[in-house]
Amino acid sequence: MESAYRAGAATTAGPETASTDEELVGRFREHSDREALSELIRRYTPRLRRLLYSLLGPDDDAVSDAEQEVYVSLIRRVGSFRGDARFSTFFYSLARNRTIDFIRARTRDRAHLTLSENPDGEPGRFVGPERLVDDEERVSLVRAALHRLAPEDQFLLYLKDGEGAGLEELVEITGRPSGTIKSRLARARRKLASRLEEMGYEHE
Amino acid sequence: MNTNDRDRNTVARALGELRARAKRASQTTPQPDVDALLAIARAPEAHSDARARASRLQPRLAAAAALAVVAVSALLLVIRPSAPETDPASESIVGLVDSLYDESDYLDGVWTSVLDELESTP
């Protein structure tokens, strides 16, 4: 697939703090304003990358591919954004769909690997406390434990406990009832905490 | 501190570490090229790899989800009339699906369907 990433490439628009996200969307949708799109991407790239690196990392290629898919999806579907919800909600809905696609694809691909071929982050691999010698290993362990949850649970738990999203926001992003979100979060949190403990995770 | 609070603190700290690491990693990646994104977006959608992957996966998910929904619905019909307010039936179903899910991530769709079924059952 053609890639939108290349060394040194950067958005050329400077910060445009005067316009809201919704105004930028309107300019891009109605006037094909490239600078408006550029500014939106500049604003949303940091948070999107945190999400993707957390759920798809540390594979840079997977993160870049997923990020590209999210933005291509945004450009294609921006016409369906009517401003009755915040743009961030619309954006995270797109990000959710693409991210879950990639998580499922990764899960399927990994099913073909043996343990020795995929030593890092292999689901269920026990790592004793003595192995957790630095930040990188601890983060790898957190990622491996998180990746064992259902794809949507990974997404929900990361947004809620990692980024501090509110329940109402998650309801809007997923379109699921709040009770479903709450039960999924509680269950996912319990599972993740239990797996972290089994794998010897201790916060330093 | 009760178990829920302890779990919540552990998970919040762990995800905080993961987020901080993700933030550092993301800062070393080049910014997206807006013109290239616009060009890709104008190309036919059928070339999307992820979409192709998702469409290959869909029939398996749909079949598994349909099977599970039928099974859980039948189970609910049998158990629900005598279930007390605390609803141990739901817990049993959660446990059942948990064990199924551990067998395969493809069952995410099943879990979602079960939760939705439980949510919509009076």
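The coordinates are above.
Everything numeric in this text was worked out from a predicted model, so none of it was measured. (Residues numbered from 1 in each chain as written. Chains lettered and ligands numbered in written order. Predicted model: local features only at pLDDT ≥ 70, side-chain atom pairs only at ≥ 80, totals over all residues.)

Draft legend 1. Structural view of the overall build of chain A. Scanning chain A from N- to C-terminus turns up eight helices and zero strands. Walking chain A from its N terminus toward its C terminus, one meets helices and strands in the order α-α-α-α-α-α-α-α. Of all 204 residues assigned to chain A, the portion counted as buried reaches 42%. At a minimum sequence separation of 6, the contacts of chain A that also span at least 24 residues come to 65%. (Helix = DSSP H or I, 4+ residues; strand = E, 2+ residues; numbered from the N terminus. Buried ≥ 20, exposed ≤ 12 C-beta atoms within 10 Å, placed from the backbone. Contact = placed C-beta atoms within 7 Å.)

Draft legend 2. Broad picture of unusual backbone geometry. All names here are of chain A. In this chain, G57 is followed by P58 through a cis amide linkage whose omega measures 5 degrees. Turning to its location among the elements, P58 is positioned in the loop between α2 (34-56) and α3 (60-77). The backbone of S32 sits at a positive phi, close to 50 degrees, despite the residue not being glycine.

Draft legend 3. Inspection of helix α6 (residues 151-162) of chain A at higher detail. Between its first and last C-alpha, α6 of chain A extends 15 Å over twelve residues, near the 16 Å set by a 1.5 Å rise per residue. For α6 of chain A, a buried count of twelve out of twelve residues is recorded, marking the element as mostly surrounded by other parts of the structure. (Expected span 1.5 Å × (residues − 1).)

Draft legend 4. Representation of the nonpolar core within the structure. In this structure, V142 and L192 of chain A are the most contacted members of the largest nonpolar core, which totals 61 residues. Considering every element that reaches this core, the biggest residue donor is α2 of chain A, with eleven residues. Of the residues that make up this core, three or more belong to each of domain 1 (17-112) and domain 2 (117-204) of chain A. Filtering out sequence-adjacent residues up to four positions away, V142 of chain A remains in contact with L196 and Y201 of chain A together with A14, E17 and L18 of chain B. (Core = buried A, V, L, I, M, F, W, Y, C linked by C-beta atoms within 7 Å. Domains from an automatic or database assignment.)

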